[in-house]
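Structural characterization, general
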Amino acid sequence: MSDLAVTHQPEQHRFVILDAGKLAAEMSYSPLGDDRLIIDHTDVDPAYAGQGLGYQLVEAAVVHARERQMKILPLCPFAASVFKKKGAAYADVLFG
């Protein structure tokens, strides 16, 4: 796993991981009212593949949702696969 930190950019509706100012990974979402968000895209720069950055982004969204009593609809195939693998661990924030 990487030690790069996830930053939430709510104005752009995304979570990002920057490495010395360079975009290493990002996950975008669409808000759906005040209590739901749809994860619609996750992208990791190929130079950072295999470092778990995509998982870090999904985990950050889950923490964000839990703090705000929100639900997540993971439409992005990567995020959906993470939710499926995590199963019960993410069931409390899964919408749908």
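Scroll up to find the structure.
Quick notes on the rules
By convention here, each chain's residues receive numbers from 1 onward along its written sequence. Selection of residues for local features in this predicted model requires a pLDDT of at least 70, selection of side-chain atom pairs for listing and counting requires 80 or more, and totals for whole chains, interfaces and linings are taken over all residues. By convention in this description, side-chain values take in all heavy atoms of the structure and omit both hydrogens and water. Only runs of H or I of at least four residues qualify as helices and only runs of E of at least two qualify as strands under DSSP, and these elements are numbered from the N terminus. The contact criterion used throughout is that any non-hydrogen atoms of two residues lie within 4.5 Å. Pairs of N or O atoms are called polar contacts if they sit within 3.5 Å, as long as, within protein, a hydrogen donor faces a hydrogen acceptor (for residues adjacent in sequence, only side-chain-to-side-chain pairs). The rule is simple: take the accessible area with a 1.4 Å probe, protein chains only, and divide by the maximum for that residue type; under 20% is buried, over 50% is exposed, in between is partly exposed.

1. Section: the environment of R14
Within the secondary structure, R14 is located in strand 2 (residues 14-19). For the pair R14 and H41, spaced 27 residues apart in sequence, the C-alpha separation works out to 9.3 Å. Once you skip the residues sitting within four places of it in the chain, R14 turns out to touch T7, H8, Q9, L23, E26, M27, S28 and Y29. A distance of 2.5 Å separates the side chain of R14 from the side chain of Q9, its partner in a polar contact.

2. Brief notes about unusual backbone geometry
Backbone geometry at A20 places phi at a positive 55 degrees, although glycine is not the residue there. With respect to the secondary-structure elements, A20 resides in the loop between strand 2 and strand 3 (22-32). Classification of A20 as exposed rests on a relative accessible area of 82%. Residues other than glycine seldom take positive phi values, yet Q69 does so here, at roughly 50 degrees. With respect to the helices and strands, Q69 occurs in the loop between helix 1 (53-67) and strand 5 (71-74). By relative accessible area, Q69 is classed as exposed at 65%.

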